[in-house]
Each structure stands twice: as structure tokens, then as C-alpha cells.
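The chain contents come next:
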Amino acid sequence: MKMEGESSPLKRNLTEWRFSQYPKYILLPIDENHDQIRSNIKNVVFSEVTPRPLERNIRLVCASQDALTNILDMDPDMANREEFAEFIAGRKLPYGALPVAHRYGGHQYGLWVGQLGDGRSHILGEYVNRRGERWQIQLKGSGQTPYARVHDGRAVLRSAIREMIACEACHFLGIPSTRAAGLVVSDEAIVRDVYYNGCPRRERAAVVLRLSPNWFRFGSLEILSRTGEIAVLRQLSDFIIKEYFPDIQLSDENRFIRMFSEIAHKTLDLVAKWQGLGFTHGLLNTDNMSLLGLTMDFGPFGFVDSYDGGFVANCSDGEGRYALAKQPDVVVWNIGQLANALKPLLTSSQQVHMSHILKTLDTYCKNKILETFLMKIGLKEERWGDEQLVEKLLDMMQQTGADFTATFRQLAELEPSEMVSEIKLEEKWSLKRLSSHASWGCWLDQYRERLDKEAGVLPVNSRVVDCGVTAVDASSSGLFEDERRRRMLSANPVYVPRNWLLHEAIVDAEQDDYQKVRFLLEVLRNPFEVNPEAEKRGFSAQPPQWAYALKVSCSS
Ligand code: AMP
Ligand code: MG
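Residues numbered from 1 in each chain as written. Chains lettered and ligands numbered in written order. Predicted model: local features only at pLDDT ≥ 70, side-chain atom pairs only at ≥ 80, totals over all residues. Heavy atoms only, no water.

Looking only at helices and strands, the chain has 16 helices and 13 strands in total. Relative to a compact globule of 556 residues, whose C-alpha radius of gyration would be 24 Å, the chain shows 25 Å and is just as compact. Along the three orthogonal principal directions, the C-alpha set of the chain runs to about 75 × 65 × 60 Å. Looking at the chain residue by residue over its 556 residues, the buried ones come to 58%. For the chain, the share of sequence-separated contacts (at least 6 apart) that also reach a separation of at least 24 residues comes to 71%. Separation of charge centres in the chain, based on 67 positive and 74 negative side chains, amounts to 3 Å. (Helix = DSSP H or I, 4+ residues; strand = E, 2+ residues; numbered from the N terminus. Rg over C-alpha atoms; globule rule 2.2 N^0.38 Å. Buried < 20%, exposed > 50% of the residue type's maximum accessible area, 1.4 Å probe, protein only. Contact = heavy atoms within 4.5 Å. Lys, Arg positive; Asp, Glu negative; His and termini not counted. Charge placed at Lys NZ, Arg CZ, Asp CG, Glu CD.)

Structure below.
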């Protein structure tokens with residue numbers, strides 16, 4: 001309870017809110033020549049550049065209350081103040097701002113494309129919040145930088161909404177992610193050829209206020225390594241270790257290997273979360289891979305509806321390089337590129353060590369994914385046959401087109417008495433679809449038997465010899481049952497930002513009606529809890545038929 005006279009830790013206006021006087025990034029080389037064109041830049045990590053403010057008719061589309069209060073120490077009322085919208089629009093820079101754009105490179109679709117950099121984002125400064133956490137505050141869509149090349153430096157409203165909702169949703173779904181605090185739109189027109197088919201259209205410019213401890217990517221190190229800027233590569237790597245990997249000593253001669261190993265494992269832990277929630281990033285280029293193991297740069301992503309390992313979220317990804325089931329492999333490949341980037345900092349024996357680590361990553365990732373799926377079906381530890389149990393379930397889902405999110409949630413909601421194949425599954429629309437598979441009854445028997453083993457009702461080494469084995473009375477394991485359901489309900493969300501929900505919200509937002517965007521953001525703050533209003537609107541029902549034909553392009 002707040003004591004009388006004690007001031008709230010939450011700031012009520014921008015005059016009270018200020019950046020850290022010394023952003024740590026000023027310790028890194030920053031190019032101060034504002035007119036420098038990108039191709040001439042070398043030996044720098046940032047370029048100093050101010051945002052180009054949005055001008056016409058700025059308004060707030062939505063704000064994340066959680067990011068505001070728990071990251072930025074801002075009173076939620078701040079979102080209603082004009083100055084908050086002006087801040088995001090790049091028109092009002094808070095005290096202490098030192099805007100920079102970050103220089104990085106990347107492999108896109110498997111090919112080295114050289115230097116990229118923040119073409120339309122500005123890191124404004126660092127904010128140290130009341131918990132002592134240091135956050136880099138970034139605007140995306142805030143105008144051209146020296147890295148913009150021919151592009152306009154802007155972001156369209158639809159992509160800004162998708163980024164805002166998805167990164168907040170990921171956070172609440174338990175997927176490590178960069179965050180977003182707010183989004184503004186203007187009447188400034190920008191032109192995009194959405195499907196790259198020669199039919200450009202006018203859209204409106206928007207800016208997202210993004211938050212992350214840092215915005216470094218695999219490509220941040222790759223660019224320095226590729227161009228032989230080894231002193232800066234070492235400087236940036238040491239900086240990252242010092243600021244973001246406190247368990248690694250700067251005096252440790254194996255520090256780069258340790259950093260690599262931590263990044264690699266964190267990144268694969270992240271991939272396991274993606275797979276477990278059907279999240280398909282859509283554009284896993286190395287410039288979109290965070291060095292902190294966070295999901296970043298949300299573009300043509302998708303949470304799969306009807307399960308399909310071949311699901312490609314990005315309609316520009318013709319070969320399906322970034323399909324859902326390929327994410328683990330492609331991320332391991334990306335980690336290989338990070339390893340290459342660090343090689344100039346390693347002795348030959350350290351390089352051998354690095355290649356040993358690389359060889360273990362596939363297995364590490366596979367095990368993490370299995371662990372995730374076991375949790376989803378309520379099992380704590382792997383036992384013999386579990387991998388096949390999960391594989392069989394996914395096969396049946398793939399073959400019947402059962403919905404990914406709903407299947408696991410509905411499985412979590414099953415009562416033990418319902419775990420018989422003859423049960424009517426009218427309300428459990430996704431399980432109903434799954435139950436059309438010839439192996440469903442057999443799988444359900446095996447699953448129930450496995451749960452009984454977990455509960456201790458059956459000896460561990462007993463196993464189902466035949467489909468249709470009689471059920472063991474599970475009533476004695478009521479406590480286990482409650483715990484299993486609780487665990488499954490907290491591992492399997494009711495709601496994810498499905499493309500059709502985003503699409504409907506965007507259609508309205510393009511007509512200046514932001515209610516659906518705000519409601520979606522609110523529901524996704526508690527994605528594991530049933531929300532009566534969301535239920536009325538069909539958020540966890542079978543998606544409408546048109547949803548399955550939606551296409552998401554990477555034009556943004
Ligand atoms: P992305 O596909 O959003 O990860 O962007 C790839 C690269 O293109 C990054 O360097 C971006 O900063 C840059 N980029 C994308 N769109 C724009 C734009 N409208 N203006 C300037 N740079 C852009
Ligand atoms: Mg990007």
C-alpha cells in the first residue's frame with residue numbers, strides 16, 4: 001500500500017521521464033557525420049541520426065499497459081497524453097535522447113547480402129527503470145537513416161499493428177521477445193506494392209515504440225567480421241559480454257566461445273518455444289536473429305492454424321525455406337553463420353572447440369522441442385515411447401488438418417472420463433476433427449496409459465501391447481489429474497494472434513477504428529485464460545473459411 005506523501009514510482013508526463021544520462025552504447029564507435037552515405041561507413045557500430053517526425057494528424061492507435069508500467073515506469077494515463085503520441089511520432093524527444101541507427105549486415109534466404117543496418121529505426125536512448133533494468137528505446141518507421149538505401153524510412157500501419165500485437169502477445173505466451181509500448185499512425189501517405197505484383201497502393205505511415213535490452217543481431221557481428229573490421233568486432237563482442245553476459249569474465253580467454261555457446265543455446269531454447277506454440281517467424285535471416293535469444297523484427301510471421309509442418313507464413317518465401325518445421329534447421333544454420341563471424345577472434349584450438357559445440361546443436365534443439373511437447377501433453381519427463389507418442393499426434397494433426405492451438409488446449413481440457421475414443425466431442429471442434437483419423441482411438445488409449453504411468457497407477461515398465469487396452473481406474477490419481485490439467489492449461493494457450501484476428505483488426509484500423517486492435521491486445525495479455533467477450537467473438541472457435549486463404553507478404 002502506498003504511504004501518505006510517498007510519490008508514485010510511475011511518471012505522469014514526459015518532463016518527469018528521462019533517458020539515462022550515459023547510454024552504454026556511447027562506448028562503441030558512432031559515426032557522427034550525418035551526411036555519410038551508408039556504403040562509405042566502416043569501423044562504426046552506430047550512426048548518429050535524428051528521426052524524421054511524422055507530421056500529419058498523429059494519433060495513438062494503441063499502447064501496451066504492461067510495457068508502460070512495468071518497463072517504462074509510466075503511469076498508464078500517459079498513453080492518453082498528446083505528448084506520448086508526439087514522442088512516438090518522433091516529434092518530441094525526451095531529455096537525454098541520443099538517437100542512433102545501428103549498422104549490421106546479414107544473410108537473407110541463405111545468401112550473404114552485405115551491409116543492411118537500421119534503415120528506418122532509431123534507438124533514442126537507454127532507460128534504466130525502477131528495477132534497475134536497462135532498456136534501449138527504439139522507434140521503428142521514424143524516417144530514413146544512412147542505411148535506408150532507396151527506401152523511404154517508413155512503416156505501414158498494417159505491419160506496425162502486426163509487430164505491436166505479436167511482440168506483446170509473444171511475451172505473454174512465454175516466448176522471449178522484444179517488446180512494444182505504443183503505436184501511432186498519421187495521414188502521411190506511403191506507397192507499397194503489397195504482393196510485389198506491380199499493383200502499388202497508398203497506405204498510411206505508422207511508428208512503433210519498441211523496447212529491448214539491446215537491438216544487436218547476428219548480423220551486427222557478421223558485418224564487422226566479413227569486412228575485416230576485427231578490432232571493432234572484438235570491441236563489440238567484449239561490450240556485449242560485459243553488458244549482457246554477466247556470468248562471463250572479460251579476462252577469460254575463452255570468453256568468445258562461452259558467449260557463442262550461451263547465445264546458441266538461448267536461441268535454440270527460443271526455437272523450442274516457437275515450435276511449441278506453432279509460431280512461424282517467416283523471415284529468419286541472420287539480421288533478424290537477436291544476440292539475446294529474443295524474437296525480433298516481426299514481419300510476415302504466422303501462428304499456424306490447421307497444423308502443417310510445411311506451413312510458410314511469408315508469401316514471398318516461395319521455396320519454404322522458413323517453413324514451420326524447418327525453423328530448427330535454419331536457425332542452426334544461422335548459428336553457424338554467427339560462429340563464422342566470431343572465428344577471427346579465436347585461436348585454432350578454440351575454433352575446433354566451436355565446431356564441437358556446433359555439432360551438438362541439432363540434438364540439443366531436438367531434445368528441447370520434445371521437452372516442450374511433452375509438457376504440452378502433460379508429461380514431466382521423457383519415458384520410452386514418448387517421442388513416438390508426440391510424433392504420432394502431430395502426424396494425425398497434419399493428416400486431418402486439426403488446429404494446432406485448439407487441439408492442445410482441448411486435450412488439456414479433457415476429463416479422464418472423456419479419454420475414450422467413443423466420446424462425443426461436439427464442443428471440442430478441433431479434437432473432433434482429429435478424431436476422424438483412423439488411429440485416434442489407439443493414440444488416445446496409449447496416451448491415457450502413459451498418463452496413468454505418470455500418475456503411478458501403472459508400473460513404469462508396463463506398456464500398451466495392443467490398442468484398446470482397458471483403462472485403469474484413474475480415480476485414485478485425482479490429485480495427479482488436477483495437477484496434470486493445471487500444467488497443461490498453463491502450457492497451452494486459448495488465444496494466439498491468429499492471422500484472421502489480426503486481419504480483422506487491421507481492416508478496421510485502416511478505417512480509423514482501433515477498437516479491435518486494442519481488444520486483441522487486451523485479450524492477448526492473458527492468453528491462457530478464457531475471456532468471455534473473446535469467446536463471443538469466436539477467438540477460440542474454428543477460424544472462418546476465408547482465414548485459411550490469407551496471405552502475408554513481407555512488404556512493410
Ligand atoms: P526487414 O526485412 O524489415 O528486416 O528489413 C531488412 C532491411 O531493410 C533492414 O536493413 C531495414 O532497415 C531495411 N528496410 C526495410 N524497409 C525499409 C524502409 N521502408 N526504409 C528504409 N529501410 C528499410
Ligand atoms: Mg529486420
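Next, the rest of the story.
Moving on, we get to the packing of helix H8 (residues 348-376) against helix H9 (residues 386-400). Running from N to C, H8 and H9 point in directions that differ by 75 degrees, and their axes come no closer than 10 Å. If you check the angle between H8 and H9, you find them roughly perpendicular. Contacts between H8 and H9 involve Lys366, Leu370, Phe373 and Leu374 from the former and Asp386, Glu387, Val390 and Leu394 from the latter. (Axes fitted to C-alpha atoms, helices over the stretch in contact; angles between N-to-C directions. Parallel < 35°, antiparallel > 145°, perpendicular 65-115°, else oblique.)

What follows is about the site of ligand 1. Near ligand 1, the surroundings consist of 17 residues, among which Gly117, Gly119, His151, Asp152 and Gly153 are the closest. Between ligand 1 and the protein, one listed contact pairs a nitrogen atom with a side-chain N or O atom of Arg120 at 3.3 Å. Measuring from a nitrogen atom of ligand 1, one finds a side-chain N or O atom of Arg192 at 3.4 Å. Relative to its unbound accessible surface of 480 Å², ligand 1 loses 83% to contact with the protein. Of all the cavities here, the one that holds ligand 1 is the largest pocket. (Near = heavy atom within 4 Å. Polar contact = N/O pair within 3.5 Å; in protein donor to acceptor, adjacent residues only side chain to side chain. Areas by Shrake-Rupley, 256 points an atom, 1.4 Å probe, with all protein chains shown as cover. 1 Å grid on protein atoms, 1.4 Å probe; cavity = no way out; pocket = protein on both sides within 12 Å on 5 of 7 lines; lining within 4 Å. Sits in = over half its atoms within 2 Å of the grid points.)

What the domain assignment lists for the chain is domain 1 (24-215), domain 2 (220-375), domain 3 (382-491) and domain 4 (499-549). In this assembly, 7 residues from domain 3 lie in contact with 6 residues from domain 4. Taken together, the two surfaces of domain 3 and domain 4 that pack against each other cover about 480 Å², and 48% of this comes from carbon and sulfur. Taken together, the links from domain 3 to domain 4 amount to 0 salt bridges. Residue contributions to the side of domain 3 that touches domain 4 peak at 3 residues, all from helix H13 (residues 478-491). When its residues are assigned to classes, the side of domain 3 that touches domain 4 shows 3 nonpolar, 1 polar and 3 charged. (Domains from an automatic or database assignment. Buried area = accessible area lost by both parts, 1.4 Å probe. Salt bridge = Lys/Arg side-chain N within 4 Å of Asp/Glu carboxyl O. Nonpolar A, V, L, I, M, F, W, Y, C, P; charged D, E, K, R; others polar.)

Moving on to empty space enclosed by the protein. The full count for this structure, using the stated rule, is 3 cavities of 30 Å³ or more. The computed volume of the largest cavity comes to approximately 50 Å³. Lining the largest cavity are Thr267, Leu270, Trp274, His281, Asn288, Met289, Ser290, Gly293, Leu294, Thr295 and Met296. (Points joined across faces, edges and corners; volume = space filled by probe spheres on them.)

The topology assignment puts Asn13 in the segment before strand S1 (30-31). Side-chain polar atoms of Asn13 contact the backbone nitrogen of Thr15, separated by 3.1 Å. Ignoring any residue separated from it by four or fewer positions in sequence, one finds Asn13 in contact with Met78, Arg81 and Glu83.

By the secondary structure assignment, Arg210 is in strand S11 (residues 201-212). Expressed as a C-alpha distance, the spacing of Arg210 and Pro76, which sit 134 residues apart in the sequence, is 17 Å. Setting aside residues up to four positions removed in sequence, Arg210 forms contacts with Ser121, Gln136, Ile137, Gln138, Lys140, Glu163, Arg179, Ala180, Trp215, Arg217 and Asp297. Within polar-contact distance, the side chain of Arg210 engages the side chain of Glu163 at 2.7 Å.

In terms of burial, strand S7 (residues 121-128) is a largely internal element, 7 of the 8 residues being buried. The pairing of S7 with strand S8 (residues 134-140) spans 7 bridges and is classified as antiparallel. When the sheet's bridge partners are listed, Ser121 is paired in S8 with Lys140. A loop of 5 residues connects S7 with S8, the two strands running antiparallel in sequence, and Gly132 in this loop sits at a positive phi of about 85 degrees. (Pairing = 2+ DSSP bridges.)

With respect to burial, strand S10 (residues 179-192) is a largely interior element, 11 of its 14 residues being buried. Where strand S3 (residues 59-63) lies against S10, 4 bridges are found, and the strand directions are antiparallel. Residue pairing in the sheet places Ala63 in a bridge with Gly182 of S10. Here S10 pairs with S11 via 10 bridges, running antiparallel. Following the sheet pairing, Ala189 is matched in S11 by Arg204.

Counted under the stated rule, the structure contains 23 aromatic pairs. Aromatic pair Tyr25 and Phe46: ring centres 5.4 Å apart, planes at 50 degrees, arrangement tilted. Linking Tyr25 in the segment before S1 with Phe46 in strand S2 (residues 46-48), this pair joins segments that are 21 residues apart in sequence. For Tyr25, a relative accessible area of 0% corresponds to the buried category. Aromatic pair Phe216 and Phe239: ring centres 6.3 Å apart, planes at 85 degrees, arrangement edge-to-face. Here Phe239 lies in helix H5 (residues 230-244) and Phe216 lies in the loop between S11 and helix H4 (218-226), a separation of 23 residues in the sequence. For Phe216, a relative accessible area of 2% corresponds to the buried category. Grouping aromatic residues by their ring pairs yields a cluster made of Trp17, Phe19, Phe84, Phe87 and Tyr127. Residue placement shows Arg162 over the ring face of Phe301; its charged tip is 4.2 Å from the ring centre. Its guanidinium or amino end placed over the ring of Phe519, Arg537 lies 3.9 Å from that ring's centre, counting from NZ or CZ. (Phe/Tyr/Trp six-rings, centres within 6.5 Å; stacked < 30°, edge-to-face > 60°. Lys NZ or Arg CZ within 6 Å of the ring centre and 35° of its normal.)

A separate point is the confidence of the model for the chain. Of all residues in the chain, 94% have pLDDT values of 70 or greater, and the mean over the chain is 93. Under a pLDDT of 50 for its full length, residues 1-5 has, in the predicted model, 1 contact with residues more than four places off or in other chains. Low pLDDT, under 50, characterises residues 468-472; the stretch is placed with 11 contacts to residues that sit more than four places away or in other chains. (pLDDT = per-residue confidence, 0-100.)

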